[in-house]
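# Tertiary structure, described
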Amino acid sequence: MELKVEFISRETIKPSPPTPHHLRTHKLSLLDQQAPPVYVPILLFYSPTTDMNPTKKSDLLKNSLSKTLTYFYPFAGRIKDCYTIDCNDEGATYIEAQIDSDMSVVLKERGIDLLRQLLPCDPLEKYPEPSAPVILAVQVNYFSCGGMAICVCIWHLAADASAAASFVKSWAAVASGIDIELDAVIYDCSNLFPPQNISADLWKSFEKNPNVLGAEVVTKRFVFDGSKIATLRNEIGNIGPSLHRPTRVEAVSSLIWQALITGDDTENDEIVPVHVATVVNLRKRIMNPPLPELCIGNIFLLSMANSVAKTPSCNSLAEKVHESIQKINDEYVKQCCESGEILNLVKSVAAEVGTGVFSFTSWCRFPYYETDFGWGRPIWFGTAMKFNKVAILLDSSDGNGIEAWIGLPKEEMTKLEQDPGILAYASFNPTYI
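The following paragraphs examine the structure supplied in this document. (Residues numbered from 1 in each chain as written. Predicted model: local features only at pLDDT ≥ 70, side-chain atom pairs only at ≥ 80, totals over all residues. Heavy atoms only, no water.)

### Some words on the overall build of the protein chain
Secondary structure summary: the protein chain contains 14 helices and 16 strands in total. Relative to its length of 433 residues, the protein chain is compact, with a C-alpha radius of gyration of 21 Å against a globular reference of 22 Å. Principal-axis analysis of the C-alpha atoms places the extent of the protein chain at approximately 65 × 50 × 40 Å. Within the span of the protein chain, comprising 433 residues, buried residues form 55% of the whole. By sequence separation, contacts in the protein chain at least 24 residues apart represent 79% of the contacts at least 6 residues apart. (Helix = DSSP H or I, 4+ residues; strand = E, 2+ residues; numbered from the N terminus. Rg over C-alpha atoms; globule rule 2.2 N^0.38 Å. Buried < 20%, exposed > 50% of the residue type's maximum accessible area, 1.4 Å probe, protein only. Contact = heavy atoms within 4.5 Å.)

In structure tokens:
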């Protein structure tokens, strides 16, 4: 479906007041350097309101964005090289557009190709130079019904999904006049994770590999209702020596992983290991020194797990996911830094992404549904990432369920949709708004 999008304005929003000269250089860490060359896209949908007309909303959004960039000043800069961001206040792209349809049309379908039409840029666009992309781009879409979608793209080198959530929530707080402490959003992680002379070829295989971004990749939304997840968690039962009850994310991840294994077409006597990588947020796991919860940047590690069983149980897979996540603590992170394991892991994942490794990244519990600009919280939050062999897990709007955006080749997606476990616990792109 093609939306009729009429662009109203396009401008550059700069920090106000400007960034002081002594803050002009923001150092990147090794964890920033490991981020793939893509944008992190965020889409926030808001119900029609009569409290404020579009002109006042527009002024409020632009003025508050300018104030917020004073604290998140690297987002208004440009990538200088693989070590630094030049915080030169060149600004963020800000676009406003009128959509010639009701918001319900988009929310009814919620297909990824439809959602991408609302974004300020292509999340996967390739740039000739590292300094070419703006770090932050915003598109505010006004629907004919009066609803609106605020869509944000942040260059991954500067922010992971947690940092992106911190930014949009902070922007909303500034807009609505809420007092919020933002002095700790810039934190120098280059001492914890010293940058290295990483070759520009690190993610070349990612950019060129048709298995990752090719036309054959299909991304669909699977919704796991909170009550179904509770049933699944009970069915899996306690896991591991500690008899840990699986979390929502562990339960859903193990179910998807099991479906991918049982859907494999290899001969019955051939066992092919299925590796999964889980993105683990370090902000609450590193305690010495403790990291500010709102700090920007990429502060995550990949935890690896694998299964060689042909028909593994969800219990065993949930245990493997749990163990791979739980091992990441202060001591483990320190050892990874000292041994160089972080870089080796990133290189191996970059080489195998879209082929030998399936990746899970959870955005659950990030405060996207708390972004109230003054006209209420979003009625739905989504993303528009389109990668092969990747599952992005988001909270459902009630906070109890999970929406899994899964990318697979067409044939594998068809098998996943027919898997008995997936059919039992998930709905395919339901409309409940």
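### Brief notes about the state of the cysteines
Throughout this description, disulfide means a covalent bond between two cysteine sulfur atoms. Applying the stated criterion to the full structure yields zero disulfides. Distance from the sulfur of Cys87, which forms no disulfide, to the nearest cysteine sulfur (Cys189) is 14 Å. Cys295 supplies the cysteine sulfur nearest to Cys189, a cysteine that is in no disulfide, at a spacing of 5.4 Å. For Cys189, a relative accessible area of 7% translates into the label buried. (Disulfide = S-S within 2.5 Å.)

### Observations regarding helix H10 (residues 314-326)
For H10, which comprises 13 residues, the first-to-last C-alpha distance of 18 Å matches the rise-based estimate of 18 Å (1.5 Å per residue) to within 8%. On its buried face, H10 sits against helix H8 (226-236), helix H9 (248-262), strand E10 (274-281) and strand E11 (300-307). (Expected span 1.5 Å × (residues − 1).)

### Some thoughts on the sheet that holds strand E1 (residues 5-13)
Pairing is mixed in the open sheet, where six strands are placed in the order E1-E6-E7-E8-E3-E13. If you trace the sheet from one side to the other, it starts and ends with E1 and strand E13 (380-382), each paired once. In this sheet, adjacent strand axes meet at a mean angle of 15° when their direction is disregarded. As paired strands, strand E6 (residues 92-99) and strand E7 (residues 136-143) are joined by seven bridges and run parallel to one another. (Pairing = 2+ DSSP bridges. Axes fitted to C-alpha atoms, helices over the stretch in contact; angles between N-to-C directions.)

### Description of the layout of surface pockets
Picture a little ball the size of a water molecule; that probe, rolled over the atoms, points out where space is still empty. For the largest pocket, the calculated volume is near 1300 Å³. Around the largest pocket, the lining comprises 49 residues; the ones closest to its centre are Val279, Asn281, Thr361, Ser362 and Phe366. For the lining of the largest pocket, the elements supplying multiple residues, two or more each, are helix H5 (161-175), H9, E10, E11, H10, helix H12 (341-352), strand E12 (357-362) and strand E14 (390-395). In the lining of the largest pocket, the residues fall into 28 nonpolar, 12 polar and nine charged. (1 Å grid on protein atoms, 1.4 Å probe; cavity = no way out; pocket = protein on both sides within 12 Å on 5 of 7 lines; lining within 4 Å. Points joined across faces, edges and corners; volume = space filled by probe spheres on them. Nonpolar A, V, L, I, M, F, W, Y, C, P; charged D, E, K, R; others polar.)

### Considerations on unusual backbone geometry
Across the junction of Ser16 and Pro17, the peptide omega takes the value 5°, indicating a cis bond. In this fold, Pro17 is placed in the loop between E1 and strand E2 (25-27). Residue Asp89 is not a glycine yet carries a positive backbone phi of 60°. The topology assignment puts Asp89 in the loop between strand E5 (84-86) and E6. A relative accessible area of 12% means that Asp89 is categorised as buried. Of note, Arg110 is a non-glycine position whose phi angle comes to about 50°, a positive value.

### Looking at the pairing of E6
Of all eight residues making up E6, seven are buried, and the element is well covered by its neighbours. With eight bridges joining them, E1 and E6 adopt antiparallel strand pairing. Across the sheet, the residue bridging to Thr12 is Thr93, located in E6.

### Notes on the pattern of salt bridges
Under the criterion given, the structure shown has 12 salt bridges. Between Asp86 and Arg24 there is a salt bridge, and its shortest N-O distance comes to 3.4 Å. Separated by 62 residues along the polypeptide, Asp86 in strand E5 and Arg24 in the loop between E1 and E2 bring together distant segments of the chain. Under the relative-accessibility criterion, Asp86 is labelled partly exposed at 23%. Note that Asp160 is salt-bridged to Arg283, the shortest N-O span being 3.0 Å. Remark: Arg283 occurs in the loop between E10 and E11 and Asp160 occurs in the loop between strand E8 (148-155) and H5; sequence separation between them is 123 residues. Each member of the pair, Asp160 as well as Arg283, carries the same accessibility label: buried. (Salt bridge = Lys/Arg side-chain N within 4 Å of Asp/Glu carboxyl O.)

### A short note on the sheet that holds E11
The seven strands lie next to each other as E11-E10-E12-E14-E15-E9-E16, forming an open sheet whose pairing is mixed. The sheet is open, and its two edges are formed by E11 and strand E16 (427-428), each paired on a single side. Strand direction decides the pairing type here: strand E9 (residues 217-224) and strand E15 (residues 402-409), joined by eight bridges, are antiparallel. Bridge pairing in E15 places Arg221 opposite Trp405.

### Details of the pairing of E11
Among the eight residues of E11, six are classified as buried, and the element is accordingly described as predominantly covered. By the bridge criterion, eight bridges tie E10 to E11 in an arrangement that is antiparallel. Across the sheet, the residue bridging to Asn281 is Phe300, located in E11.

### A look at H8
The set of residues buried in H8 consists of Gly226, Ile229, Leu232, Arg233 and Ile236. The buried residues of H8 all sit within an arc of 115° when viewed along its axis, so they share a single face. Away from its buried face, by an angle of more than 90 degrees, H8 presents the exposed residues Asn234 and Glu235. Each element contacted by the buried residues of H8 is listed here: E9, H9, H10, E15 and helix H14 (420-425). Where H8 terminates, the next one or two residues include Gly237, which has phi positive at roughly 80°. (Arc of directions from axis to C-beta.)

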